[in-house]
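Structural description and commentary
Residue strings, one per chain:
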Amino acid sequence: MGALSRPEEVLALVKLRVAAGQIKRQIPPEEHWAFGYSMLQKVSRSFALVIQQLGPELRNAVCIFYLVLRALDTVEDDTSIPTEVKVPILQEFYRHIYNRDWHFSCGTNHYKVLMDNFHHVSTAFLELGQGYQKAIEEITRRMGAGMAKFICKEVETVDDYDEYCHYVAGLVGYGLSRLFYAAGTEDLVPDSLSNSMGLFLQKTNIIRDYLEDINEIPKSRMFWPREIWSKYADKLEDFKYEENSEKAVQCLNDMVTNALIHAEECLQYMSALKDHAIFRFCAIPQIMAIGTCALCYNNVHVFRGVVKMRRGLTARIIDETNSMSDVYTSFYEFSSSLIESKIDDNDPNAALTRRRVDSIKQTCKSSGLVKRRGYHLDKSPYKPMLIMIVLVLVAILFGVLYTKGCTSSWPFPMET
């Protein structure tokens, strides 16, 4: 039954499906904007959903900001591009966004389409306000320079790891904060908080994507710092093999514990947001990150295949994230019952992990806003007969919502 075996997630899945259909009907008619928003849905569906709820001007700026950085990231990720070709492109990428004729063929699948048709992104970029353009240019310049630096440099120390994550994700936090400020909807927050928002997401992705990255063709590009993994193995690829499972999991737990250090600053950043749509835009990925950390922690399957949240739980998070109470509740539940409960006293980092989890829990509890939600990452607690009844009801509900266009049932109004 998959994700539909959990009745509490079924309605959220239906709402998400209907909202995704609404987004497709809201794509602008201009060719360059149509390409941008269509591409956004292909490279990040959940991102496309929350971005649609931003005001029109900010929505366009964030959409193009995302696609520019996704294109830059595609150049960095393509291991078939020779270093002598890649480095200059990364360093000069911020200039190319002003050139309607520039494109560079690389990447695969949707990313190749993005790169081959980058002129549409540039055309849309040049229609943004000057404040948005300058913010996007600055972050693209700094990120490209940082990526170029690490093309020729290994991630050896934890400081290197933090620096790399700053270039590829912390700067995204900087840029988004500047876009929010340029839109006149938010105050300009300290860079340290914006940086933590990016680092928490990036470190979670690096942890989760171990197997995909280590098996990258024609060659792997890994960002797990040697300072951490060398405590557990002679070579990073050793963790792929079953005979090294115990040490692999210990290293994994070390990496997750490192990522958790950013959680409290993320909570601080989100608690200061004033605009509801911007809040959801920021909060949903952060809750997904703490949930993914909880899923990966002490989980050997990170080294065997794909580990990610099921679609039903993702839909529920998107549906239920509306206030800081929801954020504090999610961070509390994922860090306590879903990380703390898996801590093994024999793990070398058990004491440090507990301290970091306790600190997150205390921050959440001291807000006075934690409530009961009940997220489940593994087995469904419901019986098959109940599941069948729910599926029948869902079929009826989906028909009703689809017929009505879900205009009154989707709780977060979609901008037209």
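Structure first, text after, so check above.
Conventions adopted
Residues numbered from 1 in each chain as written. Predicted model: local features only at pLDDT ≥ 70, side-chain atom pairs only at ≥ 80, totals over all residues. Heavy atoms only, no water. Axes fitted to C-alpha atoms, helices over the stretch in contact; angles between N-to-C directions. Helix = DSSP H or I, 4+ residues; strand = E, 2+ residues; numbered from the N terminus. Parallel < 35°, antiparallel > 145°, perpendicular 65-115°, else oblique. Left-handed = near helix turned anticlockwise from the far one by under 90°. Contact = heavy atoms within 4.5 Å. Nonpolar A, V, L, I, M, F, W, Y, C, P; charged D, E, K, R; others polar. Buried < 20%, exposed > 50% of the residue type's maximum accessible area, 1.4 Å probe, protein only. Phe/Tyr/Trp six-rings, centres within 6.5 Å; stacked < 30°, edge-to-face > 60°. Salt bridge = Lys/Arg side-chain N within 4 Å of Asp/Glu carboxyl O. Expected span 1.5 Å × (residues − 1). Bend = angle between axes of the 7 residues up to and from the residue.

Quick look at the packing of helix 4 (residues 56-77) against helix 8 (residues 130-151)
- Contact pair helix 4 / helix 8: the axes reach a minimum separation of 11 Å and the direction vectors enclose 15°. Classified by the interaxial angle, the pair formed by helix 4 and helix 8 is roughly parallel. Both helix 4 and helix 8 take part in a crossing whose hand is right-handed. Residue-level contacts link E57, L58, A61, F65, V68, L69, L72, D73 and E76 of helix 4 to Y132, I136, I139, T140, M143, G144, M147 and I151 of helix 8.
- Class assignment for the residues of the contact of helix 4 with helix 8 results in 12 nonpolar, two polar and three charged.

Thoughts on the environment of Y132
- Tracing the chain through its elements places Y132 in helix 8.
- On the basis of relative accessibility, which here comes to 4%, the residue Y132 falls in the buried class.
- Each C-alpha atom of the pair Y132 and N60 lies 9.8 Å from the other, and the pair is 72 residues apart in sequence.
- The residues contacting Y132, other than those within four sequence positions of it, are E57, L58, A61, L179, A182 and A183.

Some thoughts on unusual backbone geometry
- We note that N109 has phi near 55°; this positive angle belongs to a residue other than glycine.
- Here N109 is to be found in helix 6 (residues 109-116).
- Residue classification places N109 among the exposed positions, given a relative accessible area of 64%.

Re the packing of aromatic side chains
- Taken as a whole, this structure holds 15 aromatic pairs when the rule is applied.
- Between F93 and W102 the ring centres are 5.3 Å apart and the planes differ by 80°, which places this aromatic pair in the edge-to-face class.
- Residue class for F93 comes out buried when judged on its relative accessible area of 0%.
- Site record: aromatic cluster; members linked through ring pairs are F150, Y164, Y167 and F223.

Remarks on the pattern of salt bridges
- The tally for this structure, following the rule as stated, stands at 19 salt bridges.
- Between E163 and K149 there is a salt bridge, with its nearest N and O atoms 2.5 Å apart. Linking E163 in helix 9 (residues 158-182) with K149 in helix 8, this pair joins segments that are 14 residues apart in sequence.
- Between R178 and D191 there is a salt bridge, with the nearest N and O atoms lying 3.5 Å from each other. Highlighted residues: R178 in helix 9 and D191 in helix 10 (residues 191-208), separated in sequence by 13 residues.

A few points about the environment of I287
- Along the polypeptide, I287 turns up in helix 15 (residues 276-296).
- The exposure class of I287 is buried, given its relative accessible area of 0%.
- It is 7.6 Å that separates the C-alpha atoms of I287 and I317, two residues lying 30 residues apart in sequence.
- Among residues more than four places away in sequence, those in contact with I287 are M309, I317, T321, D326, V327, S330, F331 and F334.

Looking at helix 5 (residues 83-96)
- Here helix 5 is 14 residues long and its end C-alpha atoms lie 19 Å apart, about the 20 Å a rise of 1.5 Å per residue gives.
- Of all bends in helix 5, the biggest is about 40°, found at L90.
- Taken residue by residue, helix 5 has K86, V87, I89, L90, F93, Y94 and H96 as its buried positions.
- In this structure, the buried side of helix 5 is in contact with helix 4, helix 6, helix 7 (118-125) and helix 8.

Here's the deal with the environment of W224
- Positionally, W224 belongs in the loop between helix 11 (210-214) and helix 12 (226-229).
- Sequence-distant contacts of W224, that is, excluding residues within four places in its chain, are made with V155, I206, I207, Y210, W229, L236, C251, L252, M255 and F303.

That is the geometry; function is a separate question.
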